[in-house]
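Below, each chain spelled out in residue letters.
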Amino acid sequence: MSRMLGMFIVVLLLWSCQSATPEYPDSKCAEATEFVQEVENREGRLYRMEDSENYAINYHYPETIDMVDVGVVCHIPTDFPLPETTEEALEVTFRGRYWKYTDVPPAMPAGSTVYYLEVTAISKE
């Protein structure tokens, strides 16, 4: 009897250890297929991408020369003022979720990794 109870507890624990993957955002991230990571208090540069209606936030890893996460914004709080031209850029602090980028990535310098970015909080620096 105690052996069955032990197995029941193990099964129950395994069943309750579900993935911590957040729900997929209901937004322009339609091509994203896989959650990558959640980030907080990242400082980056928000800009409008050339030849596109999309925006992106670049996060440069400290103490590296060319390691950059490029988050193509697929969701951002609606009350945040976005740059109107490709020449404008805003220094921002943000929190959000990176999703695997499955579309053809835009041309980026070496060392850049492109993701979809669901911004959950953002402020100007």
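Reference entry: report on the structure contained in this document. Keep in mind that what you see is a predicted model, and the values were worked out from it rather than measured. (Residues numbered from 1 in each chain as written. Predicted model: local features only at pLDDT ≥ 70, side-chain atom pairs only at ≥ 80, totals over all residues. Heavy atoms only, no water.)

Quick notes on the overall build of the protein chain
Helix and strand counts for the protein chain stand at one helix and five strands. When the helices and strands of the protein chain are placed in sequence order, the string is α-β-β-β-β-β. Relative to its full complement of 125 residues, the protein chain shows a buried share of 33%. Within the protein chain, residue pairs in contact and separated by at least 24 positions form 65% of the contacts whose partners lie at least 6 positions apart. (Helix = DSSP H or I, 4+ residues; strand = E, 2+ residues; numbered from the N terminus. Buried < 20%, exposed > 50% of the residue type's maximum accessible area, 1.4 Å probe, protein only. Contact = heavy atoms within 4.5 Å.)

Some remarks on the side chain of Glu118
For Glu118, the position within the fold is in strand β5 (residues 112-124). Among the polar contacts listed, one links the side chain of Glu118 to the side chain of Trp99, at a separation of 3.2 Å. (Polar contact = N/O pair within 3.5 Å; in protein donor to acceptor, adjacent residues only side chain to side chain.)

A few points about a negative patch on the surface
A contiguous patch of negative charge, built from Glu50, Asp51, Glu84, Glu87 and Glu88, is present on the exposed surface. One can find Asp51 in the loop between β1 (35-48) and β2 (55-60). (Patch = residues over 30% accessible without salt bridge, like charges linked within 9 Å, V, L, I, M, F, W, Y side chains within 5 Å. Areas by Shrake-Rupley, 256 points an atom, 1.4 Å probe, with all protein chains shown as cover. Salt bridge = Lys/Arg side-chain N within 4 Å of Asp/Glu carboxyl O. Lys, Arg positive; Asp, Glu negative; His and termini not counted. Charge placed at Lys NZ, Arg CZ, Asp CG, Glu CD.)

Topic: the layout of surface pockets
By volume, the largest pocket is sized at about 150 Å³. Looking at the largest pocket, the residues that line it are Tyr47, Arg48, Met49, Glu50, Thr86, Pro106 and Met108. A per-class count over the lining of the largest pocket returns four nonpolar, one polar and two charged. (1 Å grid on protein atoms, 1.4 Å probe; cavity = no way out; pocket = protein on both sides within 12 Å on 5 of 7 lines; lining within 4 Å. Points joined across faces, edges and corners; volume = space filled by probe spheres on them. Nonpolar A, V, L, I, M, F, W, Y, C, P; charged D, E, K, R; others polar.)

Observations regarding the packing of aromatic side chains
Applying the stated criterion to the full structure yields four aromatic pairs. Between Phe35 and Trp99, the aromatic rings sit 5.5 Å apart at their centres with planes inclined by 70°, giving edge-to-face as the arrangement. Residue Phe35 is located in strand β1, and its partner Trp99 is located in strand β4 (residues 89-100); the two are separated by 64 residues in the primary sequence. What makes Trp99 buried here is its relative accessible area of 3%. With 5.0 Å between their ring centres and 75° between their planes, Tyr59 and Tyr61 make a pair best called edge-to-face. Each member of the pair, Tyr59 together with Tyr61, is buried. Here the guanidinium or amino end of Arg42 rests over the ring plane of Tyr59, the centre of that ring lying 3.9 Å away. (Phe/Tyr/Trp six-rings, centres within 6.5 Å; stacked < 30°, edge-to-face > 60°. Lys NZ or Arg CZ within 6 Å of the ring centre and 35° of its normal.)

Overview of the nonpolar core
With 17 residues, the main nonpolar core has Leu46, Ile57, Val92, Phe94, Val119 and Ile122 as its most contacted residues. Elements with a contribution of two residues or more to this core: β1, β2, β4 and β5. With sequence-adjacent residues up to four places away left out, Ile57 is seen in contact with Gly44, Arg45, Leu46, Asp69, Val70, Gly71, Val73, Val92, Phe94, Leu117, Val119 and Ile122. By size, the runner-up hydrophobic cluster in this structure holds twelve residues, among which are Tyr47, Trp99, Val114 and Tyr116. (Core = buried A, V, L, I, M, F, W, Y, C linked by side-chain atoms within 4.5 Å.)

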